[in-house]
Amino acid sequence: MPLAAGENHYTRFEFTRVIEDRVITILQPDLAKTGGVTECLRIAALASAWKLSINPHTSMTGLSMAASIHFLAAIENAGYFEADVSKNNLFRDRLTSTPYTLDKDGCVRPLEKPGIGVEVDEDFLAKHPVIEGPSYV
């Protein structure tokens, strides 16, 4: 049975250990936790050398979803996009504009706008300030 991991692994060095152990075959780095696109690109290149796909874990915001889709579009070993479909997620539905489009076959496509394509609702952000402390508790 294929095993997935990665949303709580933070660097290419941790992914190197996971890949070399040859137990995890579904790699799920999270752009928000690994240090961003650059480190995820390094992880994707490492995974590609082992013929493994990248299926990024997506945090529950429109920003994370849009960044993950653009990341998947930029790598050769893109796997599945993990979308948040929870009900009443304001950080997905109100923080940004819609983070992706669907083509006629139901496949997710990145937005064709500057940057990652989303617009941030500054008023919503002001009403929901960052809380100091550890994240993902």
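Here the structure is a predicted model, which means the values were calculated and not measured.

Asker: Can you lay out the packing of helix α1 (residues 12-21) against helix α3 (residues 37-49) for me, pointing to particular residues and giving the numbers?
Answerer: Across the interface, α1 lies against α3 with an axial gap of 9 Å and an inter-helix angle of 20°. Relative to α3, the element α1 lies roughly parallel. For the pair α1 and α3, the sense of crossing is right-handed. Two secondary-structure elements touch here, α1 through R12, F15, T16 and I19 and α3 through E39, R42, I43, L46 and A47. Each residue belonging to the contact of α1 with α3 can be placed in one class, and the counts come to five nonpolar, one polar and three charged.

Asker: Describe in detail the pattern of salt bridges, supporting the description with residues and values.
Answerer: Inspection of the entire model under this criterion finds six salt bridges. Linking R42 and E39 is a salt bridge whose minimum nitrogen-to-oxygen distance equals 3.0 Å. Of this pair, R42 and E39 both sit in helix α3, separated by three residues, roughly a single helical turn. Between K104 and D105 there is a salt bridge, with the nearest N and O atoms lying 3.8 Å from each other. With relative accessibility at 59%, the residue D105 sits in the exposed group. Linked through salt bridges whose partners overlap, the residues forming this network are R12, E39 and R42.

What counts as what
- Residues numbered from 1 in each chain as written.
- Predicted model: local features only at pLDDT ≥ 70, side-chain atom pairs only at ≥ 80, totals over all residues.
- Heavy atoms only, no water.
- Axes fitted to C-alpha atoms, helices over the stretch in contact; angles between N-to-C directions.
- Helix = DSSP H or I, 4+ residues; strand = E, 2+ residues; numbered from the N terminus.
- Parallel < 35°, antiparallel > 145°, perpendicular 65-115°, else oblique.
- Left-handed = near helix turned anticlockwise from the far one by under 90°.
- Contact = heavy atoms within 4.5 Å.
- Nonpolar A, V, L, I, M, F, W, Y, C, P; charged D, E, K, R; others polar.
- Salt bridge = Lys/Arg side-chain N within 4 Å of Asp/Glu carboxyl O.
- Buried < 20%, exposed > 50% of the residue type's maximum accessible area, 1.4 Å probe, protein only.

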